[in-house]
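# Examining the three-dimensional arrangement
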Amino acid sequence: MRKPDLDIKIFADRRRKIAEKIKGGAMVIPAHPALIRNHDVHYEYRQDTNLFYLTGYEEPGSVLVYRPGQNPETVMFVLPKDPLRETWDGFRYGPEGAKAEFGFDKTYSINEMDSVLPDLLMPVDRVYYRLYQNSDFDKTFAKALDVAREKLGRSGLGLKPVVDPFEVLGEMRLMKSPKDIEWQKKACEISAEGHIAVMKFTKPGVNERQVEAVLRHTFMMHQSPRMGYNAIVASGNGSTTLHYNFNDQECRDGEFLLVDAGTEWNYFTGDITRTFPVNGKFSESQKKFYNCVLFAQKEILNMIKPGLVFKNLQTATIKILTQAMLELGLLKGSVEDAIESMAFKKYYPHGVSHWLGMDVHDLGPYTLNGESRALEPGMIFTVEPGLYVPSNDESAPAEFRGMGVRIEDNIVVTETGHFNMTLKAPKETSDIEAVMRN
Ligand SMILES: [Mn+2]
């Protein structure tokens, strides 16, 4: 269940960092419920991201109770050993195996939760737990708080305060460690390989589903366990739908194909978008339209360095893309008016960036004390401007109707500037054409 090359010290280090921020409290993180279809057929299970982040443990039915400064400090509830279930569902570590292999201070069977959890919560002054994420465990948790209160008897104390752990975890997950960055880079590399493979494969007549198959094949041949999100493989007018997910149309001569896909490495995921002509050669109109987005993307990338305020990326993108909309004849008037009236939203309706990491839209606050925060080394995010002109837009020049272009790279902020982790996937029109010729 665990990749053999994962050093458990990484997870202990992460817990130690959290410890400073929650001293006196306890953090409780349950696995999310495994999904079962048709009575006994299991969906693929992916561990709750925060639970994996702090433990490296991948089995469902587990719960971390982390109590820095208490004894025992790291307590883990896991599925018990069960030879019959293991015959059906595969190996389980069980409490003893989990303690020995993952370095937890104390482990219990998940079946002991109700009797043990209240005692674990009694000595702490607050509990970091996210309510309404796991309705089954919410009940177990609330009951344990109540039993802990009862056990404190005549002290007169009420329920322990419950604090949302996402604030602490988000801040920590936003600041990537060197190991995080190493894994993120690997996820980006494999993701880029998928995009290159897709460019080589695509020609008029292939189906979007087959393009998706090439992505999956490439990712898994590099031993990525799963994609980080549902791939968007959108040809023709489908490319103007932001989260197109049908992936079932034939790719036709003269159309664009937009592919937004990324894959995982040790729970980090890439998030790359490339757009290219199905037939491998940009028409004049396609090139004109595409290069507007590429120009915007490069301008934004050039801005990135420590200290830059995050929201300025979007402000600058709006300005550049609105200028492009006027040049392409999509809008009329002045840039200022088109921004003021929000007219640009018709063709560029989304944001240019989001945090990236162990979730494709990664945890982490975008503001600090109510203000958009400044970039710091170790932050990882996407840069993904786009322009979208639906085929039924009568007001747009006919040559651009049905064109959707988005170009998305993954960036880590460094001490002196930034590093683009997805440059291996071609984005210059000449580079794309060269890859598609071979
Ligand atoms: Mn994205």
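Residues numbered from 1 in each chain as written. Predicted model: local features only at pLDDT ≥ 70, side-chain atom pairs only at ≥ 80, totals over all residues. Heavy atoms only, no water.

## Regarding the overall build of the protein
Along its length, the protein carries 13 helices and 20 strands. For the protein, whose C-alpha radius of gyration is 25 Å, the value lies close to the compact-globule estimate of 22 Å for 438 residues. Within the protein, the fraction of its 438 residues that count as buried is 54%. Contacts in the protein between residues far apart in sequence, at least 24 positions, make up 70% of those at least 6 positions apart. If the 53 positive side-chain charges of the protein are averaged to one point and the 60 negative ones to another, these points end up 2 Å apart. (Helix = DSSP H or I, 4+ residues; strand = E, 2+ residues; numbered from the N terminus. Rg over C-alpha atoms; globule rule 2.2 N^0.38 Å. Buried < 20%, exposed > 50% of the residue type's maximum accessible area, 1.4 Å probe, protein only. Contact = heavy atoms within 4.5 Å. Lys, Arg positive; Asp, Glu negative; His and termini not counted. Charge placed at Lys NZ, Arg CZ, Asp CG, Glu CD.)

## Focus: the environment of Gly262
Residue position: Gly262 is located in the loop between β10 (256-261) and β11 (264-265). Taking relative accessible area as the criterion, Gly262 reaches 0% and is therefore assigned buried.

## Describing the packing of helix α8 (residues 178-201) against helix α13 (residues 429-437)
Viewed as axis vectors pointing N to C, α8 and α13 meet at an angle of 65°, and their least axial separation amounts to 7 Å. The hand of the α8/α13 crossing is right-handed. The residues of α13 that touch α8, namely those facing Ile196, Met199 and Lys200, are Ile432, Val435 and Met436. (Axes fitted to C-alpha atoms, helices over the stretch in contact; angles between N-to-C directions. Left-handed = near helix turned anticlockwise from the far one by under 90°.)

## Observations concerning the sheet that holds strand β9 (residues 232-235)
Backbone-to-backbone hydrogen bonds join strands into a sheet, with any given pair of strands oriented parallel or antiparallel. The 3 strands are arranged β9-β10-β13 in an open sheet whose pairing can be described as antiparallel. With one partner strand each, in any of the chains shown, β9 and β13 (272-277) form the two edges of the open sheet. This sheet shows a mean twist of 10° between the axes of neighbouring strands, independent of strand direction. Pairing analysis gives 6 bridges linking β10 to β13, with the strands arranged antiparallel. Residue Leu258 lies in a different strand from β13, and its bridge partner there is Thr275. In the packing of α8 onto the sheet, contacts are made with β10 and β13, and the angle to β13 comes to roughly 15°. (Pairing = 2+ DSSP bridges.)

## Re the domain arrangement of the protein
When the domains of the protein are assigned, the result is domain 1 (9-172) and domain 2 (176-437). One C-alpha centre belongs to domain 1, the other to domain 2, and the line joining them spans 37 Å. Each partner contributes residues to the interface: domain 1 has 15 residues there, and domain 2 has 15 residues. Taking both sides of the interface into account, the surface hidden between domain 1 and domain 2 amounts to around 1,300 Å²; carbon and sulfur atoms contribute 56%. Among the salt bridges present, the one from Arg46 reaches Asp359, with a minimum N-O distance of 3.9 Å. When residues of the side of domain 1 that touches domain 2 are traced back to their parent elements, those giving at least two are α1 (9-22), α2 (49-55) and α7 (166-174). (Domains from an automatic or database assignment. Buried area = accessible area lost by both parts, 1.4 Å probe. Salt bridge = Lys/Arg side-chain N within 4 Å of Asp/Glu carboxyl O.)

## Quick notes on the sheet that holds strand β19 (residues 409-413)
Ordered by their spatial adjacency, 3 strands build an open sheet running β16-β19-β20, and the pairing between neighbours is antiparallel. In the strand order of this sheet, the two ends are held by β16 (380-383) and β20 (418-420), each with one partner. The sheet shows a mean angle of 30° between the axes of neighbouring strands, taken without regard to direction. With 3 bridges joining them, β19 and β20 adopt antiparallel strand pairing. When the bridges of β20 are listed, Val412 appears paired with Phe419.

## Structural notes on the pairing of β9
The side-chain alternation of β9 yields two buried faces, one formed by Ile232 and Ala234 and the other by Val233 and Ser235. Of the strand pairs in this sheet, β9 and β10 are connected by 4 bridges, and their pairing is antiparallel. In the sheet register, Ser235 faces β10, and the bridge partner there is Leu257.

## So, the pattern of salt bridges
Counted under the stated rule, the structure contains 30 salt bridges. For Asp119, the salt bridge goes to Lys151, with nearest N and O atoms at 2.8 Å. Note that Asp119 is positioned in helix α5 (residues 113-121) and Lys151 in helix α6 (residues 135-151), a separation of 32 residues in sequence. Because the salt bridges share partners, they merge into one network encompassing Glu44, Arg46, Arg173, Lys176, Arg226, Glu264, Asp359 and Asp362.

## Thoughts on unusual backbone geometry
A cis amide bond links Asn71 with the next residue in sequence, Pro72, at an omega value of -5°. Relative to the elements of secondary structure, Pro72 occurs in the loop between β4 (63-66) and β5 (74-78). One non-glycine residue with positive phi stands out, namely Gln223, at about 65°. Within the element layout of this structure, Gln223 appears in the loop between α9 (208-221) and β9. Phi is positive for Asn247, close to 50°, though the residue is something other than glycine. Summarising the element assignment, Asn247 is placed in the loop between β9 and β10. The class for Asn247 is buried, based on a relative accessible area of 2%.

## So, the side chain of Arg67
Considering the arrangement of structural elements, one finds Arg67 in the loop between β4 and β5. For the buried residue Arg67, which engages in no salt bridge, the nearest side chain bearing the opposite charge is Asp105, 8.3 Å off. Within the local environment of Arg67, its side chain forms a polar contact with the backbone oxygen of Asn71, the two atoms lying 3.3 Å apart. A polar atom in the side chain of Arg67 sits 2.9 Å from the backbone oxygen of Leu120. Apart from the residues lying within four places of it in its own chain, the contact partners of Arg67 are Gly25, Ala26, Pro72, Glu73, Asp119, Leu120 and Pro123. (Polar contact = N/O pair within 3.5 Å; in protein donor to acceptor, adjacent residues only side chain to side chain.)

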